[in-house]
Each structure stands twice: as structure tokens, then as C-alpha cells.
Amino acid sequence: MEFNRSQILVCAGTGCTSSKSADVREELNKELVKNHLDNQVQIMKTGCFGLCAEGPILVIYPEGIMYHRVGKDDVKEIVEEHLIKGRIVKRLMHDSEELDEITHKIEHSDFFTKQRRVALRNCGKIDPEDINEYIAFDGYKALEKVLTTMTPQGVINVIKDSGLRGRGGGGFPAGTKWQFAADQESDQKYVVCNADEGDPGAFMDRSILEGDPNSIIEAMAISGYAIGANQGYIYVRAEYPIAIERLKIAINQAKEYGLLGDNILGLGFKFDLDMRLGAGAFVCGEETALLSSIEGKRGVPRLRPPFPAVKGLFGKPTIINNVETMANIPVIIRNGADRFKEKGTKNSTGTKVFAVGGKITNTGLVEIPMGTSLREIVYDIGGGVPNGKKFKAAQIGGPSGGCIPADNIDVKIDYDSLKEIGAMMGSGGLIIMDEDTCMVDIAKFFLQFTVDESCGKCTPCRIGNKRMLEILTKITDGRGELQDLEDLRDLAEIISETALCGLGQTAPNPVLSTLDNFYDEYLAHVVDKKCPAGSCKSLISYTIGEDCIGCTKCARVCPVSCISGEKKEQHVIDQSQCIKCGTCFDACPKDAIIRG
Amino acid sequence: MKTISELEEIRVKGLNEISMRTEREAVRVVVKMGTSGIAAGAQDVLNALLKEIKNKDLHDVYVSVTDCAIEGDLEPVVIVIDKKGKKVNYVNMTPEKVATVVEEHIVNGRAYSEYTTDVK
């Protein structure tokens, strides 16, 4: 067996897998065998690099060259040119990369250099299905440190000192939560990891689970030691099959090495970890509903107090932490609270992972220090808004969140600064919107989701959110009145004060936020019956202008046959029949059809 | 069940195997390929190099290949870059000469002047 001179890490996260990165791996292995390189070059899976818009992505070491949008058909060239002849395949690289000729040391683009990957530290660096690689990169060192040199209260003190706040959306100080549970006297306690990640478009937790599952296992064992629990549960949504598979493998490997079980590292600490799967319910991301689901009951929230830390799973003291919160634990223990606090702001320490989507060039996953401005995220890291469009707003926090309008683009992203402008950090979903996005439609979109997912237990959410959705639908259909806007605001305020759980209480946020920041758009819909962004179909009208040459193309493609006109004569759309589909607009060779 | 010291062994062994993904200082050996390099026999030199590194169980040595700016009668060329970044170009390399370069330069840290014009 010859010396392993090169390792190729191919992203095997859900995103790249759906772009067929598995085929790329298979083809690579085939080509290596064909060229007798299979004992010199190793191919392995790795986690998410974050530049998801450019997937499938792979990195070749020792040079550290990153290739983008790699397809099965590119593999032959990669092997022949890069591995055999030593010629970098420039067309597969990102534009802005600069190369040193000999060592191929590479200047990475702003997308990478402006990030600080802490929770994502191992994603893209290790094979998540090999615990030895996790161990090689300081894995389980934190657990060793905890079990050999720290008391449970000592661990809690470090986490408190670090200022780590819950990354799932609540932003509650993790150390404080652990303290509540540790202070309880009980024969049994539990630690739970919330991997339900229900926000549409969010995949931060998914990527951590797929790319670095051992970090969560280690963190949960540490948290168990800290509060006095020896049983942990990871609650993963069933829609994440790859994450579930990786966790299964990681848990089994950890058990084999005795890093989970009756006598961890021979130091007398017992900790077991099991998975529980969700089944398609957003409400089960709410902590009390989640616990109810683990108990085998229907996932519905309950009143608090008592808080789970006092009376949680099966009535016992329980801490529930988000995946990303957990991913930070080993780092804080290993390097200390002060190192952790070096990044971020005074009250929002550390970093935050965001899933950036919508109208932005570099869609994908980014991890940045708290306090980074939205402007930096959109322009420096995100690569700006494509097609020369203007940035209009950013929706942050998903269905529980608010929007940040362009005026506030210099806002520093941290828990408190966002609250001050009526927005909310949320779990990390960040949707960028441009001038073609209708803000009323955005509010409607999120409310459709919330109404669909409402568990039905409390009246404000079950009926209130539905009524808000009806009003929004009325408005976007062009049937809205001024009174509707008042009703909308009243409803939103009442629901936020009276709903039973956090999901219901924050469901009106997209509505309140858009009403506050984009009231003129609502007015346009209701008074002028126009959609300024040109998005709401019912408020668009199509008319054929004077440039019409009577070619009859539009009449022929119209699905409801509402366009009349003789050949070579001006054509006319019957507005009473028109369904505003826009097919004629796209078909006209003379751009004679006016949309407005 | 692993003890702490067994875990540490795995750590050290693992890190050696994947150190090329880290920022660890290492000796870099670059074999100039390209079509002219291959024609001159650079692939055999590469294979001999890999065998030698494997036999000596060396760590923190990264081997890669690069495209060849035609060096004509100097090929095959092997460049050794030490941990401080100093480059030495070994010319007219053959599989037989590889062992000496590995022993002298990579293991003992002294450039082998006979195979290069860079060092007096």
C-alpha cells in the first residue's frame, strides 16, 4: 500500500446529495482505480461547506483547492489534469480565487474569510461517519477535561460565564437553564436536544448533524454530567433522513468506544443517548410539545410554569437545548469562556449560523460573529442581490420573525439590537428580498405556514391566525378595505399577548413587522388595488398597447381564450375573463403587452 | 471501552493521517508533471517518493504534483519546500536518487547539493 498523498473530501450533506454528489464520489473511485491511483488518493464524505448555491462541492488536499458545481462528467478531467498532471481545473473554481503557482495555496473569497466557523468547525473538514477523525480534531477532549478535572457546578459556571444564549430562537442563557435543572433534587433527570428545526428554509441544525454528529453527542454527555442526568434524547425531525443516519452511526461508534454507556472512559460516569423521531409537526419544535411527543403523547404545548428544568420529561427535571447551542459546548469547555467571549458582542457572545436564502448570490450556510452588520452579510459574504435588483428587506427568524427593511441594513445582528428594531434573531433563517417581492405576500406566506401547523389547542392561534390569513388573502386578492388593516393589527396584537406557546405568540410577527415597515404597500393593495412589487396576480392587469402587430400569438396561447382581434389588427384582452396568468405577456414578440 | 490514553493514541495517529487538512507546518514536496514531466519519467519518481515516505513512516510531509513549465533537459524536477518555506529544486531526478533526497533533506534537513544547482 503506497503513501496516501491526497485526500478528496466531497460534500455529502442533503443539499449536495440531491445534486448527485454521491455519483461524483462513485465516479472518482472508478477513475482512481482505472488510473492506478486508488492507493495514493483517498475519497471521503464530508459535511456542508456552506456555499450551497455552488454545489456539489469538493476539496482536494494537501493543496486545499475547492471545486464548485462538480458533476459526474467533470471527474475524468479532475483526475487526469489535477491528480496526474498537476494542472488545476480553473473552470471549476470560484472566480475570485488566486493561486500560488507551486504550492497552490489559495486565497479564499470573502464568503469564507469573513466567517468564523465555530459550531460548523468540523463541517467540511472531517468524515462524519468516522469517529476517529472527530477525535483527531480534539474530539472528546472536552468530555475528558470535564470528567477528570471539573465538578458539575464548575461546568455550569463556565457555560454561564461564556454568555452562551440559546441558538434555537429564544436566546435564553444556557448556563442559567442548566443551573435551574442542577438545583433540583430528583432521582432521575434528562437532557434533550431539539433537532426538530421547523422553520422553513432553515438548515443550520441539519448541517451540523450531518457534518459533525459527534459534537452533539459529546455536548450532551457534558450537559448530563453538569445537571446530574444520565439519559439523553435527541429529537430529530423525520424529514432529515441523512442526519438520522449519521447520528445512528455516530452513536454506535461512540458506544463501541465506551464514550457512551455505563462507565465512560473508565471514570465511572454513566450516560446513555437515544434518538426520537418527529413526524412532520412544526409545533413539536416547541419545547413542551416536544417533550409531550417523546412521552408518546400528541405534541401540544402546555402552560409554564412549571418550566421543564423543574418538571419536564416524564415529570422530571429536564434541559432542552438546540443543536447549534450544543455544538458550541465542547469548544467553550476546551478553550474556556474568555476565548468564546472574544467573538460577538457583550450580551450576545460567540457566533451564529445563518441559512441565507432568497434573492442573494451566495445562498447557503454562513457562521458569523454576533454583531456583524446585515450589510456585511448581504454584500460582502452574500455576494449581493443578483440581476442588478435593489435590496428591499431581509426576513429574519422565519414564521416567528420580523423583517429588516433596507433603511436598517446597518443593524448589528445580535439578540438585543434586533429586538430594538422590532425583529427577532430566531433560529437563523435569513431570507433576502428585492424590489420584486411583495411584503404583504410575504406576511401571507408565513401565516399560511403557521395556520397549517397550528396544533389547535388555544383559541388565539387556532382561530386568530386563521382570521389574519383570511384578511391577508382578501387583501392580496384585491378585495381588501381600510378597516381590514385595523382589524389585522388588532388581531395581531391580541394573539401575541394571549396565545399559549411561543409559536402562537410570535406568529403575528411577520404581519406586525410588515405593517410597521411597509404600510404604504398595504395601502396600495387596499386603496389603489395595486401591488407595487408587481407580484400579486389579482392586482395585476394586462392590457395590449399600440405596438401590437396583430400576429395573434397571444390569442393562441391564452388558456381562457379571452383575447380577440383580427390578423394584423390591434388585439384586445377581455378584462372580465382574464385570469392574469401572464402567458400572453411572455409570448408577445413585440413586448406590446403592458403589465400594471 | 477506551481509556483516556487510548483515546490520545487515536488522536495522535488520526492527526498524522489527516494533518494535510490542517494548518500544521510541514515539508512540501512537489513533483513537476505535465506531459513533458511524465514523458521524462516523473511518474516513476513520484511513485518511488511515495514508497520511500511510507517505508520511513514519515509524518507532516505533503506530496503534490504541479504543472510543468518546460524545463527541458532538467526534468524530472522535484521541489522540496521546508517548514520555513525555503525552496530547493532537485533536477534530473530518478527513482534511484529519491531515497537519498528523502534521507538527507526531508529527514535530516540538509539539502543534497549534488542533485541541485540551488545549493553550493
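Calculation criteria
- Residues numbered from 1 in each chain as written.
- Chains lettered and ligands numbered in written order.
- Predicted model: local features only at pLDDT ≥ 70, side-chain atom pairs only at ≥ 80, totals over all residues.
- Heavy atoms only, no water.
- Contact = heavy atoms within 4.5 Å.
- Buried area = accessible area lost by both parts, 1.4 Å probe.
- Salt bridge = Lys/Arg side-chain N within 4 Å of Asp/Glu carboxyl O.
- Polar contact = N/O pair within 3.5 Å; in protein donor to acceptor, adjacent residues only side chain to side chain.
- Helix = DSSP H or I, 4+ residues; strand = E, 2+ residues; numbered from the N terminus.
- Buried < 20%, exposed > 50% of the residue type's maximum accessible area, 1.4 Å probe, protein only.
- Pairing = 2+ DSSP bridges.
- Expected span 1.5 Å × (residues − 1).
- Axes fitted to C-alpha atoms, helices over the stretch in contact; angles between N-to-C directions.
- Lys, Arg positive; Asp, Glu negative; His and termini not counted.
- Arc of directions from axis to C-beta.
- Parallel < 35°, antiparallel > 145°, perpendicular 65-115°, else oblique.
- Left-handed = near helix turned anticlockwise from the far one by under 90°.
- Core = buried A, V, L, I, M, F, W, Y, C linked by side-chain atoms within 4.5 Å.
- Phe/Tyr/Trp six-rings, centres within 6.5 Å; stacked < 30°, edge-to-face > 60°.
- pLDDT = per-residue confidence, 0-100.

(A) A look at the interface of chain A and chain B. Between chain A and chain B, the residue contacts involve 46 residues of the former and 39 residues of the latter. The junction of chain A with chain B conceals about 3,600 Å² of combined surface from both sides, 62% of it contributed by carbon and sulfur atoms. The shortest N-O distance in the salt bridge between B:D67 and A:R87 comes to 3.0 Å. There are 13 residue pairs in polar contact (both at pLDDT 80 or more) connecting chain A and chain B. Broken down by secondary-structure element, the contributors of at least two residues to the side of chain A that touches chain B are β1 (6-11), α3 (75-85), α5 (131-136) and α6 (141-149) of chain A.

(B) Region of interest: the pairing of strand β4 (residues 87-90) of chain B. On β4(B), burial follows the alternation: B:V88 and B:Y90 on one face are buried, whereas B:K87 and B:N89 on the facing-out side are not. Counted along the chain from strand β3 (residues 78-81) of chain B to the antiparallel partner β4(B), the turn is five residues long, and its residue B:G85 has a positive phi close to 95°.

(C) Local environment of the side chain of B:S64. With respect to the helices and strands, B:S64 occurs in strand β2 (residues 61-66). Overall, B:S64 belongs to the buried group, its relative accessible area being 3%. Apart from the residues lying within four places of it in its own chain, the contact partners of B:S64 are A:P62, A:E63, B:V29, B:V30 and B:V31.

(D) View of helix α18 (residues 459-476) of chain A. Residues and elements named next belong to chain A. For α18, built from 18 residues, the straight-helix expectation of 26 Å at 1.5 Å per residue is met to within 8% by its first-to-last C-alpha distance of 25 Å. Residues of α18 that are buried sit in contact with α17 (439-453), α19 (482-498), α20 (502-506), α21 (509-517) and α22 (519-528). Just downstream of α18, G478 is the residue with a positive phi angle, here 90°.

(E) Structural view of the sheet that holds strand β14 (residues 391-396) of chain A. Residue and element names in this part refer to chain A. Reading across the sheet, the five strands line up as β13-β12-β16-β14-β15 and stay open at both edges, with mixed pairing between neighbours. In this open sheet, the two edge strands, each paired with only one partner strand, are β13 (364-369) and β15 (402-405). With strand direction ignored, the average angle separating the axes of adjacent strands in the sheet is 30°. One ladder, built from four bridges, connects β14 with β15; its direction is antiparallel. Note on β15: the bridge partner recorded for Q395 is C403. Sheet strands in contact with α17 are β14, β15 and β16 (429-434), and its direction is about 15° off that of β14. Here α21 sits on the sheet and contacts β14 and β15; the angle it forms with β15, its principal contact strand, is near 25°.

(F) Quick peek at the side chain of A:D212. Residues and elements named next belong to chain A. Here D212 shows up in the loop between α9 (204-211) and α10 (213-227). It turns out D212 is buried and unbridged, and the closest side chain with the opposite charge, R121, is 4.5 Å from it. Beyond its immediate sequence surroundings of up to four residues, D212 is in contact with R121, N122, C123, I126, P128, Y134 and S207.

(G) Expanded view of helix α7 (residues 152-162) of chain A. Residues and elements named next belong to chain A. Of all the residues in α7, the buried ones are V155, I156, V158, I159 and S162. Buried residues of α7, seen end-on, are gathered within an arc of 160° and therefore sit on one face of the element. Phi turns positive, to about 75°, at G163, one or two residues after α7.

(H) A look at the pattern of salt bridges. Counted under the stated rule, the structure contains 46 salt bridges over all chains. One salt bridge connects A:K297 with A:E295, and the closest N-O pair in it is separated by 2.7 Å. The exposure class assigned to A:E295 is partly exposed, which follows from its relative accessible area of 23%. Put simply, A:E81, A:K85, A:R87 and B:D67 are held in one network by salt bridges that share partners.

(I) Local environment of the packing of helix α3 (residues 42-55) of chain B against helix α4 (residues 95-107) of chain B. All names here are of chain B. Following both chains from N to C, one finds α3 and α4 inclined at 40°, their axes separated by 9 Å at the closest point. Comparing their axes, α4 and α3 come out oblique. Our pair here, α3 against α4, has a crossing hand that is right-handed. For the pair formed by α3 and α4, the contact residues are D44, V45, A48, L49 and E52 on the first element and P95, V98, A99 and V102 on the second.

(J) Spatial organisation of the sheet that holds strand β4 (residues 65-67) of chain A. Residues and elements named next belong to chain A. Pairing in this open sheet of four strands is mixed, and the strands run β2-β1-β3-β4 from one edge to the other. Each edge of the open sheet is held by one strand with a lone partner, namely β2 (41-46) and β4. When strand polarity is set aside, the average angle formed by the axes of neighbouring strands in this sheet is 20°. In this structure, β1 lies alongside β2, joined through six bridges in parallel fashion.

(K) Spotlight on the environment of A:K529. All names here are of chain A. In this structure, K529 sits in the loop between α22 and β17 (542-544). Beyond its immediate stretch of four places on either side in the chain, K529 contacts G478, G480, A524 and L539. A polar side-chain atom of K529 sits 3.0 Å from the main-chain carbonyl oxygen of G480. Looking at K529, its side chain comes within polar contact range of the main-chain oxygen of V526, at 2.7 Å.

(L) Structural context of the nonpolar core. One finds A:Y140, A:I216, A:I234 and A:I333 to be the most contacted residues of the largest nonpolar core, which totals 76 residues. With sequence-adjacent residues up to four places away left out, A:I216 is seen in contact with A:C193, A:I208, A:L209, A:I234, A:V323, A:M326 and A:A327.

(M) Geometry of the packing of aromatic side chains. All names here are of chain A. Per the stated rule, a full pass over the model turns up 10 aromatic pairs over all chains. Aromatic side chains Y190 and Y233 sit 6.1 Å apart centroid to centroid with 40° between the ring planes, which places their arrangement in the tilted category. One end of the pair, Y190, is in strand β7 (residues 190-195); the other, Y233, is in strand β8 (residues 231-236), and 43 residues separate them in sequence. Judged by its relative accessible area of 10%, Y190 falls in the buried class. In this structure Y233 comes out as buried when scored by relative accessible area, which is 10%. Within the aromatic cluster, the residues linked to one another by ring pairs are Y190, Y233 and F314.

(N) Quick peek at unusual backbone geometry. Residue and element names in this part refer to chain A. For the bond running from G55 to P56, omega is -5°, close enough to zero to count as cis. You can see P56 is positioned in the loop between β2 and β3 (58-61). In the segment running from R304 into P305, the intervening peptide bond is cis, with an omega of 5°. Checked against the element boundaries, P305 lands in the loop between α12 (287-294) and β11 (318-322). Positive phi, normally seen in glycine, also occurs at H36, with a value near 55°. Tracing the chain through its elements places H36 in the loop between α2 (21-34) and β2.

(O) Spatial organisation of the confidence of the model for chain B. For chain B, the average pLDDT comes to 88, and 96% of its residues sit at 70 or higher. No element of chain B has a lower mean pLDDT than helix α2 (residues 34-40) of chain B, at 85, and none a higher one than helix α1 (residues 4-18) of chain B, at 93.

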